[in-house]
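Chain and residue survey
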Amino acid sequence: MSHACKLAAGNWKMNGLRADLEEARALAKAYPKPDCGVLLCPPATLISAMAEALSGSAVMVGGQDCHASAAGAHTGDISARMLADSGARQVILGHSERRADHGETSTLVAAKAMAAHEAGLVSIICVGETESERDAGQTLEVVLGQLAESLPAGATAANTVVAYEPVWAIGTGRTPTLDQIAQVHDALRAQLPDKAISLLYGGSVKPGNAAEIFAIGNVDGALVGGASLKAADFGAIIAALEAA
Ligand code: 13P
């Protein structure tokens, strides 16, 4: 563990209806005073209801994307200010699913992060290599390149978190070796403009592998997909981070 703040962040992706707020409530009840930051990023439709359900608790709520503009004619898009107004404090940006499904470039991610910071949100900026890039020995070049272009001017530990998510490890049950995670996180840390920025690992983090991942020096927490949907699973990951 570095000296950066520890954070367990859950990304619900395109999952979750109002009934699933029960999981968020159960999590908040189980962890009234967590020894690390705890964040849930539900779909935009649930942000306000989840923020209400979690008000007064230690669990924070975040968005999964925002537009780079503050307002305007962008049908279907959501601004950072709207997220903040709904109760979000953070926003995931440049997730590999958005880079792949919506053609988001690192330059666009940096513009979105600027918008997020202007709205008072913390940006969680995602980077990660594909399997073919790893096989070609390009992992460090790819993730460091994405980091350089995705971090906006003025990124500090107060407004930015970075998540390393190997694309091939997302939702697959496969993870890099601990040495491979350590190598990428060490390289990311070296390139950060503010060394206190938290570095999360994401990609098939589960209760069973969380502790060993959190024992890696430059891993400050996790960005969790599938295992964040259930309070029991996410709770076990939070417990592992608290103990790290
Ligand atoms: P999984 O934990 O389901 O592999 O997803 C990781 C992820 O993409 C979090 O943003």
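Everything that follows concerns the structure shown earlier in this document.
First, a word on what this report is: a plain description of the structure on this page.

Conventions we followed
Residues numbered from 1 in each chain as written. Predicted model: local features only at pLDDT ≥ 70, side-chain atom pairs only at ≥ 80, totals over all residues. Heavy atoms only, no water. Salt bridge = Lys/Arg side-chain N within 4 Å of Asp/Glu carboxyl O. Helix = DSSP H or I, 4+ residues; strand = E, 2+ residues; numbered from the N terminus. Buried < 20%, exposed > 50% of the residue type's maximum accessible area, 1.4 Å probe, protein only. Near = heavy atom within 4 Å. Polar contact = N/O pair within 3.5 Å; in protein donor to acceptor, adjacent residues only side chain to side chain. Areas by Shrake-Rupley, 256 points an atom, 1.4 Å probe, with all protein chains shown as cover. Nonpolar A, V, L, I, M, F, W, Y, C, P; charged D, E, K, R; others polar. Expected span 1.5 Å × (residues − 1). Contact = heavy atoms within 4.5 Å. Pairing = 2+ DSSP bridges. Right-handed = clockwise from strand over helix to strand, strands pointing away.

**Thoughts on the pattern of salt bridges**
- Considering all chains together, one arrives at 10 salt bridges under this definition.
- Linking Lys 13 and Glu 97 is a salt bridge whose minimum nitrogen-to-oxygen distance equals 2.8 Å. Note that Lys 13 is positioned in the loop between strand E1 (7–11) and helix H1 (21–30) and Glu 97 in helix H4 (residues 96–101), a separation of 84 residues in sequence.
- According to the relative accessible area criterion, Glu 97 is partly exposed, its value standing at 29%.
- Between Arg 174 and Glu 131 there is a salt bridge, and its shortest N-O distance comes to 2.6 Å. Of this pair, Arg 174 sits in the loop between strand E6 (160–164) and helix H8 (178–191) while Glu 131 sits in helix H6 (residues 131–135); the two residues are 43 residues apart in sequence, bridging distant segments of the chain.
- Since its relative accessible area comes to 36%, Arg 174 is described here as partly exposed.
- One network of salt bridges, with partners in common, ties together Asp 65, Arg 98, Glu 104 and Lys 112.

**Notes on the site of the ligand**
- Taken together, the neighbourhood of the ligand is formed by 13 residues, with Lys 13, His 95, Gly 171, Ser 204 and Gly 226 sitting nearest.
- At 2.8 Å from an oxygen atom of the ligand is found a side-chain nitrogen or oxygen belonging to Lys 13.
- Note that an oxygen atom of the ligand is positioned 2.9 Å from one of the backbone N or O atoms of Gly 226.
- Considered on its own, the ligand offers 310 Å² of accessible surface; in the complex 96% of this is hidden by protein.
- Partitioning the shell around the ligand into residue classes produces 4 nonpolar, 7 polar and 2 charged.

**Quick word on H8**
- Over its 14 residues, H8 runs 20 Å from end to end, which matches the ideal 20 Å to within 8%, given 1.5 Å per residue.
- The inward-facing, buried residues of H8 abut strand E5 (122–127), H6, helix H7 (139–150), E6, strand E7 (198–202) and helix H9 (210–214).

**Some thoughts on the pairing of E7**
- Extensive coverage of E7 is indicated by the burial of 5 of its 5 residues.
- Residues of E7 alternate between two faces, with Ser 198, Leu 200 and Gly 202 on one and Leu 199 and Tyr 201 on the opposite face, all of them buried.
- Pairing analysis gives 4 bridges linking E6 to E7, with the strands arranged parallel. Residue pairing in the sheet places Tyr 164 in a bridge with Tyr 201 of E7.
- Note that the unit made of E6, H8 and E7 has a crossover that is right-handed.
- Bridge analysis of E7 against strand E8 (residues 221–224) gives 3 bridges, and the strand direction is parallel. Bridge pairing in E8 places Tyr 201 opposite Ala 222.

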